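Given next are the chains, with one letter for each unit.
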Amino acid sequence: MDAWEEVAATPAFHRLARLVVSFAALQRDDHVVDLGAGTGLLSLLVAPQVENVIAVDSAPAMLARLEQRAAAGGITNITAVGADMRSLPLEDGSASLIVSNYAFHHLDDLGKELALSEARRILVPGGRLVVCDMMFGLSFCPRDRRIVAEKMKLIAAAGPAGFARLARNAIRIIRRDWEHPARPEQWEQMLAARHFVDPVVVALEHEGGIAAARRA
Ligand SMILES: C[S@@+](CC[C@H](N)C(=O)[O-])C[C@H]1O[C@@H](n2cnc3c(N)ncnc32)[C@H](O)[C@@H]1O
């Protein structure tokens, strides 16, 4: 099991995956695309309930593991596609549902715009989008301040190694090579800018959030 697969196996991530599924309102005839599918947390959960799943990820090792896990579970309706979610090798209108878990924060603002444009392009009219990701920022709003303070406390609890990590993180933030979580308000703006309709953006109690919408 690689490091990410261990994280994805935690009860917290299983809860997130179930939350995505509850927002997605799966239908038997859904053609699903999972963006940044990783080792398959969402794809494997969704596949038995829909027509098929295309699991997109830019890391071949992640997809190889996803395929192993699908084979072990006897799941045959997942196709793994090695691709960048900012430029999808998929037909216009080929998906009725797009899901994504903890992948968008790997993309900067432009990357998110490109990925959302691609998501819109491959969705059928009326198709649904459900994204779960880190949704917070380094602002002074109370939720952001609480989340950042909790993260710092957790890291510092590891003692000297934790303080070293805090210092490394501070340098990464200054150099702007940190992860790129977007705040819930930014998700609302991005969905509107890409002409998605019926947007619902929910900030969860922790760093995460859900952004769901439909293609008009
Ligand atoms: C934190 S993991 C989450 C994986 C999975 N969704 C889950 O919940 O277990 C993020 C995944 O996004 C993938 N990823 C990052 N940038 C990507 C991009 N531009 N296009 C496609 N996949 C990407 C990574 O390879 C990684 O597998």
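Residues numbered from 1 in each chain as written. Predicted model: local features only at pLDDT ≥ 70, side-chain atom pairs only at ≥ 80, totals over all residues.

Draft legend 1. Structural view of the site of the ligand. Around the ligand, 21 residues are found, and the nearest of them are Gly36, Gly38, Leu41, Ala59 and Asn101. Sorting the residues of the shell around the ligand by element identifies α1 (3–8), α3 (41–46) and β2 (52–57) as the ones contributing at least two each. Across the shell around the ligand, the residue classes break down as twelve nonpolar, six polar and three charged. (Near = placed C-beta within 6 Å. Helix = DSSP H or I, 4+ residues; strand = E, 2+ residues; numbered from the N terminus. Nonpolar A, V, L, I, M, F, W, Y, C, P; charged D, E, K, R; others polar.)

Draft legend 2. Quick look at helix α8 (residues 184–193). Within the span of α8, buried status applies to Trp187, Met190 and Leu191. Projection of α8 onto a plane perpendicular to its axis shows the buried side chains occupying an angular sector of 95°, all on one side. Exposed positions of α8 whose direction lies more than 90 degrees from the buried face are Ala192 and Ala193. Those residues of α8 that are buried lie in contact with α5 (109–122), β6 (196–203) and β7 (208–215). (Buried ≥ 20, exposed ≤ 12 C-beta atoms within 10 Å, placed from the backbone. Arc of directions from axis to C-beta. Contact = placed C-beta atoms within 7 Å.)

Draft legend 3. Spatial organisation of the domain arrangement of the protein. When the domains of the protein are assigned, the result is domain 1 (3–136 + 181–215) and domain 2 (142–175). The C-alpha-based centres of domain 1 and domain 2 are spaced at 28 Å. (Domains from an automatic or database assignment.)

Draft legend 4. Fine view of the pairing of β2. Burial analysis of β2 places five of its six residues in the buried class, the great majority of the element. By the bridge criterion, five bridges tie strand β1 (residues 31–35) to β2 in an arrangement that is parallel. Counted as the bridge partner of Val32 is Val53 from β2. Between β1 and its parallel partner β2, the chain crosses via α3, and the hand of that crossover is right-handed. Sheet topology note: the β2/strand β3 (residues 78–82) ladder contains five bridges and is parallel. Note on β3: the bridge partner recorded for Val56 is Val81. (Pairing = 2+ DSSP bridges. Right-handed = clockwise from strand over helix to strand, strands pointing away.)

Draft legend 5. Main features of the nonpolar core. Counting residues in hydrophobic clusters, the biggest one holds 56 residues, and the most contacted among them are Val20, Ala55, Ile98, Val99 and Leu129. With five residues, strand β5 (residues 123–134) is the largest single contributor of residues to this core. Setting aside residues no more than four positions away along its own chain, Leu129 makes contact with Ile98, Ala119, Leu123, Phe196, Ala212 and Ala213. (Core = buried A, V, L, I, M, F, W, Y, C linked by C-beta atoms within 7 Å.)

Draft legend 6. Representation of the sheet that holds β1 in the model. Taken in spatial order, the seven strands line up as β3-β2-β1-β4-β5-β7-β6 in an open sheet, and their pairing is mixed. Two strands close off the open sheet at either side, each with one partner strand: β3 and β6. Pairwise comparison of adjacent strand axes, ignoring direction, gives a mean angle of 15° for this sheet. Along the sheet, α8 contacts β6 and β7; its crossing angle with β6, the most-contacted strand, is approximately 170°. (Axes fitted to C-alpha atoms, helices over the stretch in contact; angles between N-to-C directions.)

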